[in-house]
Each structure stands twice: as structure tokens, then as C-alpha cells.
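The chain contents come next:
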Amino acid sequence: MKSLEDKVAGSTDATYVILGATGNTGSIIVDSLLSKGKKVRVVSRDAGRLQLLARKGAEAFTGDVSDAVALTKAFTGARAAYLMLPPITSREDQERESDAIAKGVTESGLRYAVHLSSYGAHVPEGTGPVTGLHSSEQKLNAVGGLNVLHLRAAYFMENNLAAISMIQEMGIFGHALLPDLKLPMIATRDVGTYAAQRLMDLDFSGKQTRELLGERDLSMAEATAIIARGIGKPDLRYEQFPYEQVQQVLEQMGMTPKKAAVYIEMFKAINAGVLAAQEPRSQENSTPTSFEVFVQDVFAPAYRGKAVTA
């Protein structure tokens, strides 16, 4: 006689639950699963933003990621779930959110999850927002009976979109990161594509991690040169700003001083080599989208003010 787990995993009408379904990675997962005829339950506190996904065939579930009761209900009966924390508002909020997710997973009896983490999440503290992902990994690892794959994704190429207004207004790309330090950069669409495949395969067991390191490592100076060619500004240069200046810029963009300081902590950790990939680059942890393609498909259209389609 089949166990309950076998029945859930083998069911043709099994449901996949996606947190962050309207975001960069979640939306790719939703589209991928729906295109394969899968049942998808999308979770967000913004009912309006869920309507587009509902029109595509997903089941909309309105709930906050810090609400363990709502998450328990969302996860109940699901074959697998994609778990992620929202963009950080504070470290305290991160802890509340990861507590709620872990409780929802536990109370619902969820058996399989793919969890969006970050490279550097093996480090327990001092890495800014990544510290919260380390904590989230630990909480999910403590859930008995859960098979979880932590995707430790590289630095998102999309992070560079924040520089567009600076390039347009000042003619430079300024950031806190060292100009010549090579770091792995990944397109979020590749994270979503990889996560969707692993959710469908469910070829992992226990508690596992997988780094996703993008197509290749790039320095900020190299990335800026590619952007320069892509937007037709050959004289564009990268300039490293002092941490205090970056903190001010982040606050001017609307961040609270406390939130900005968390990002500064992450930049310091990257520059110091604390936040770094642990796996040697391989075919398994590399992804296809190059930074050149990202600039062509995403950065340049955004720079020119055109709508970007994921």
C-alpha cells in the first residue's frame, strides 16, 4: 500500500505552492509550471497583483509571508513549494518571516521544498541580508520529514538596474564593491528556470544545498564595460564609492538608515571575501544567461525606458 507521501508525490493533480509568485524568480516558476499543465497556488498579500497569475490559470491565495496560519493553509496538501523571504525590510522582519514559513511547513506536513537562499549563506552572521537566509536555512533544516533544496544563488544581475538613474544623471556607475573583485552574477530568470525544474523532478532528499553561480564570474569594472557597450556609452566607467557615501545614496533612494546599513554590511562582506562561493564552478552550478545577454534583454531596455518582458 502506498504511503501518503507517495500518493502526494505521484498525484497527477498535485499542487505546487509558490511564494513570491509575482517577483523575478517566482513569476518564471509559475509560468514554467503552468506551461507543463501543473496546478499552481500563488501566494501574496497583494490580491491585486495575483490577478494576472490567476488569469493565466493559477490559484490565487492571499496571505502574508509572516502569517504562519495562512501559510499552513496554503501549504496543506501541496506536492512541493517554492520558499523565499521577501526583499528585506529589516533583520527582525526576516526572522519573523522565516519563523512563519518554517512553522507553516511543519504544521502542514509539507514534504518537498525548494528554498531561495544566497551564496555565502553558510556564514552565520555579518553578511547583511544573507544572514537572514542562513537563519532561514537552519530553521527549515530543523523540520523533520522535510526534503529541502537550498538554492544558494549568486549576486543577481538585476541588482545593477539600481544604477540606471546614476548613469543617466552623473555619467558614472558608482557602488561600494571593489572594482576588480570577481564575483558570480546570475540572471534571476535562470534561478527561476532551475527552481522550476527541480520542483518538477523532486530529485533531492534530506537537506541539500546547491550554489547557482551564473554564467561566469565578473568584476564590477568588467560588468560596467559590458553595460557601456550595451547602452552606447563607451566612456562609462565604474567608480568605487566609500561606504558612507553609498549609505547616503541608499537612504536618498528611500531606505531607512537601519536597512541601508544592512546592505553596507553585505558589501563589506563581499569585499572582504567573507561572502563567497564555496563550490568550484561546474556545469551543474553554472547557468546559461551571460551578462551580455542580460544587458541586451533587460538592462538596455530598462535604461531606454522600455517595458521589459521577463
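Worth saying up front: this structure is predicted, and the values here are computed from it rather than measured. What you see as residue numbers is a count from 1 along each chain, following the sequence as written. Predicted model: local features are reported for residues with pLDDT of at least 70 only, side-chain atom pairs are reported and counted for 80 or more only, and whole-chain, interface and lining totals are derived from all residues. Note that the side-chain values use all heavy atoms of the structure and ignore hydrogens as well as water.

Thoughts on the packing of aromatic side chains
So, step 1. A pair of Phe, Tyr and Trp rings is counted when the ring centres sit within 6.5 Å of each other, with Trp represented by its six-membered ring. The angle between the planes then sorts it: under 30 degrees is stacked, over 60 is edge-to-face, the rest tilted. Scanning the model with the defined rule gives three aromatic pairs in all.
So, step 2. Sitting over a ring, as applied to charges here, requires NZ of Lys or CZ of Arg to be within 6 Å of the ring centre and within 35 degrees of the ring normal. Positioned over the ring face of Tyr-243 is Lys-268, at 5.2 Å from the centre of the ring.

Things to note about the side chain of Glu-211
So, step 1. As for its placement among the helices and strands, Glu-211 is situated in strand β10 (residues 207-212).
So, step 2. Distance and chemistry together define a polar contact, namely a pair of N or O atoms within 3.5 Å, with one atom able to donate a hydrogen and the other to accept it when in protein, and with adjacent residues in sequence counting only for side-chain atoms on both sides. Of the polar contacts made by the side chain of Glu-211, one reaches the backbone nitrogen of Gln-278; its length is 2.8 Å.
So, step 3. Residue contacts are counted whenever heavy atoms from the two residues lie within 4.5 Å of one another. For Glu-211, the residues in contact, after removing those within four places along its chain, are Arg-152, Ala-277, Gln-278, Glu-279 and Asn-285. Put simply, DSSP marks the helices as runs of H or I at least four residues long and the strands as runs of E at least two long, and each gets a number from the N terminus on.

Structural notes on the packing of helix α10 (residues 243-252) against helix α11 (residues 257-271)
So, step 1. At their nearest, the axes of α10 and α11 sit 9 Å apart, and the two run at 140° to each other. By the angle between their axes, α10 is oblique relative to α11. With respect to the hand of their crossing, α10 and α11 are arranged in right-handed fashion. Across from Tyr-243, Val-246, Gln-247, Leu-250 and Glu-251 in α10, the residues of α11 making contact are Pro-257, Ala-260, Ala-261, Tyr-263, Ile-264, Phe-267, Lys-268 and Asn-271.
So, step 2. Along the lines of polarity and charge, the residues of the contact of α10 with α11 split into nine nonpolar, two polar and two charged. Note on geometry: axes are C-alpha line fits, over the in-contact stretch for helices, and angles between N-to-C directions span 0 to 180 degrees. Should an angle fall under 35 degrees it is taken as roughly parallel, and over 145 as roughly antiparallel, whereas 65 to 115 is taken as roughly perpendicular and any remaining angle as oblique. Note on convention: near helix rotated counterclockwise from far helix by under a right angle means a left-handed crossing. Clockwise means right-handed. The classification used treats Ala, Val, Leu, Ile, Met, Phe, Trp, Tyr, Cys and Pro as nonpolar, Asp, Glu, Lys and Arg as charged, and all other residues, Gly among them, as polar.

Section: the sheet that holds strand β1 (residues 15-19)
Two modes of strand pairing occur in sheets, parallel and antiparallel, and in both the strands are linked by backbone hydrogen bonds.
So, step 1. If DSSP finds at least two bridges between two strands, the strands pair. Pairing is parallel across the open sheet formed by seven strands, whose spatial order is β3-β2-β1-β4-β5-β6-β10. Strands at the two margins of the open sheet, each flanked by one partner only, are β3 (59-62) and β10. On average, each strand axis in the sheet is inclined to that of its neighbour by 20°, with strand direction left out of account.
So, step 2. Of the strands in this sheet, β1, β2 (39-44), β4 (78-83) and β5 (112-118) are in contact with helix α2 (residues 24-35), which crosses β1 at around 165°.
So, step 3. This element, helix α6 (residues 129-141), spans β4, β5, β6 (147-153) and β10 of the sheet and lies at about 160° to β5.

Brief notes about the nonpolar core
So, step 1. Definition of nonpolar core: a set of buried residues of the types Ala, Val, Leu, Ile, Met, Phe, Trp, Tyr and Cys, connected through side-chain atoms within 4.5 Å. A simple rule labels every residue: compare its accessible area, found with a 1.4 Å probe on the protein chains alone, to the largest value its type can have, and call it buried under 20%, exposed over 50%, or partly exposed in between. Grouped together as the largest cluster of nonpolar side chains are 57 residues, with contacts concentrated most on Ile-18, Leu-19, Tyr-82, Leu-83, Ile-101 and Val-105.
So, step 2. Residues contacting Val-105, with those up to four places away along its chain left out, are Phe-75, Leu-83, Leu-110, Leu-140, Val-143 and Leu-146.
So, step 3. Counting residues in each nonpolar core, the second largest holds 46 residues, with Ala-176, Ala-187, Leu-218 and Phe-267 among its members.

Looking at the environment of Asp-67
So, step 1. Its place among the elements puts Asp-67 in the loop between β3 and α4 (68-75).
So, step 2. For the pair Asp-67 and Pro-242, spaced 175 residues apart in sequence, the C-alpha to C-alpha distance is 39 Å.
So, step 3. In this structure the side chain of Asp-67 is engaged in a polar contact, spanning 3.1 Å, whose partner is the backbone nitrogen of Val-69.

What to know about the pairing of strand β8 (residues 172-175)
So, step 1. Of the two faces of β8, the one carrying Ile-172 and Gly-174 and the one carrying Phe-173 and His-175 are both buried.
So, step 2. Inspection of the sheet shows β8 paired to strand β12 (residues 237-240) by four bridges, in the parallel sense. The residue of β12 that forms the bridge with Gly-174 is Glu-239.

Structural notes on the side chain of His-150
So, step 1. Among the structural elements, His-150 can be located in strand β6.
So, step 2. Under the relative-accessibility criterion, His-150 is labelled buried at 0%.
So, step 3. Setting aside residues no more than four positions away along its own chain, His-150 makes contact with His-115, Glu-137, Leu-140, Asn-141, Gln-208, Thr-209 and Arg-210.

A look at the confidence of the model for the protein
So, step 1. Across the protein, pLDDT averages 94, with 94% of residues at or above 70.
So, step 2. Confidence of the predictor at the level of single residues is captured by pLDDT, which takes values from 0 to 100. Here residues 1-12 scores under 50 on pLDDT; set against residues more than four positions off or in separate chains, the count is nine contacts.

Quick notes on the pattern of salt bridges
So, step 1. Here a salt bridge means any side-chain nitrogen of Lys or Arg lying within 4 Å of a carboxyl oxygen belonging to Asp or Glu. Scanning all chains against the criterion turns up 16 salt bridges.
So, step 2. Here Arg-91 and Glu-95 are joined by a salt bridge, their closest N and O atoms 3.0 Å apart. Highlighted residues: Arg-91 and Glu-95, both in helix α5 (residues 91-108), separated by four residues, approximately one helical turn.
So, step 3. Residue classification places Arg-91 among the partly exposed residues on the basis of a relative accessible area of 23%.
So, step 4. Its salt-bridge partner being Lys-258, residue Glu-92 comes within 3.2 Å of it at the nearest N-O pair. Taken as a pair, Glu-92 in helix α5 and Lys-258 in helix α11 lie far apart in primary sequence, 166 residues in all.
So, step 5. What emerges from the salt-bridge pattern is a single network uniting Arg-91, Glu-95, Asp-99 and Lys-139.

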